[in-house]
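Here is what each chain is made of, one letter per residue.
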Amino acid sequence: MNSFAVALTFHVLAATIWTGGHIVLAVVILPRVLRDRASEDLLKFESGYERIGIPALLIQVISGIWLANHLVPGFANWFEMSNPAARLILIKLLLLMLTAGFAVDARLRVIPNLSEHNLVSLAWHIIPVTIISVLFVIVGVAFRTGWLY
Ligand code: HEM
């Protein structure tokens, strides 16, 4: 296995955890928690998922940066808008910043005061982060298929 295959394998494996976990959270756990107003069920899922979800996101970022540098060598060239691969890299970085913004706000502002009264505000974090996680996959697949070029 060469280093590209190793990086891509880690990247895709971590993507299954990050995106798959968020789809389970948004589609299965969240509707039940909102219906039963059971904030503790959400916290239970979050604390279990975090143990694997955060390392997965870290692997995603490290392997993603490696893959980006493999595809478009040199950080400065990632801003070369005439290069379609560089445009996709910038979209990935933008999605990463959006994810980080939602995560920091949820961790510092919403989760510490979570109760049945502000569950909807956490839903407004979980749903966009899930949509963004799917966009990460769509943009990722576009590198190889070229369908967003
Ligand atoms: C949660 C975050 C992310 C998810 C779910 C994700 C998902 C994916 C997926 C599914 C692919 C397609 C793999 C394939 O072609 O077989 C991919 C490719 C790629 N991703 Fe990500 N990604 C994420 C974050 C990032 C980040 C932060 C970067 C860094 C800029 C990045 C850069 C890339 C690159 C360069 C490729 C193309 C690899 C290649 O085929 O040469 N990704 N990603």
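Remember, predicted model here, so these are calculated numbers, not experimental data.

1. Focus: the side chain of His125
Tracing the sequence through the fold places His125 in helix α4 (residues 119-145). Owing to a relative accessible area of 8%, His125 belongs among the buried residues under this scheme. Aside from chain neighbours lying at most four places away, what touches His125 is Phe102, Asp105, Ala106, Arg109 and Val110.

2. Notes on the coordination of the iron atom of the ligand
Around the iron atom of the ligand, the protein supplies His11 (NE2) and Lys92 (NZ) as donor atoms, at distances of 2.0 Å. Every donor counted, the six donor atoms about the iron atom of the ligand form angles of 76 to 179° at the centre, which fits octahedral coordination. With His11 in helix α1 (residues 3-36) and Lys92 in helix α3 (residues 84-110), this residue pair connects regions lying 81 residues apart in the sequence. Lys92 shares its class with His11; the two are buried.

3. Some details on unusual backbone geometry
Phi at Arg37 takes a positive value of approximately 50°, unusual for a residue other than glycine. With respect to the helices and strands, the residue Arg37 is situated in the loop between α1 and α2 (39-71).

4. So, the site of the ligand
In the vicinity of the ligand, 23 residues are found, and the nearest of them are His11, Trp18, Gln60, Lys92 and Arg144. Within the contact set of the ligand, a nitrogen atom lies 2.5 Å away from a side-chain nitrogen or oxygen of Lys92. In this structure, Arg144 approaches the ligand through a side-chain N or O atom, which is 2.7 Å from an oxygen atom. Classifying every residue of the shell around the ligand by side-chain character gives 16 nonpolar, five polar and two charged.

Cut-offs and rules
Residues numbered from 1 in each chain as written. Predicted model: local features only at pLDDT ≥ 70, side-chain atom pairs only at ≥ 80, totals over all residues. Heavy atoms only, no water. Helix = DSSP H or I, 4+ residues; strand = E, 2+ residues; numbered from the N terminus. Buried < 20%, exposed > 50% of the residue type's maximum accessible area, 1.4 Å probe, protein only. Contact = heavy atoms within 4.5 Å. Donors = N, O, S within 2.8 Å, 3.2 Å for Na, K, Ca; no water. Tetrahedral: all angles 85-135°; square planar, octahedral: opposite > 155°, others 65-115°. Near = heavy atom within 4 Å. Polar contact = N/O pair within 3.5 Å; in protein donor to acceptor, adjacent residues only side chain to side chain. Nonpolar A, V, L, I, M, F, W, Y, C, P; charged D, E, K, R; others polar.

Function cannot be inferred from these measures alone, as they are strictly geometric.
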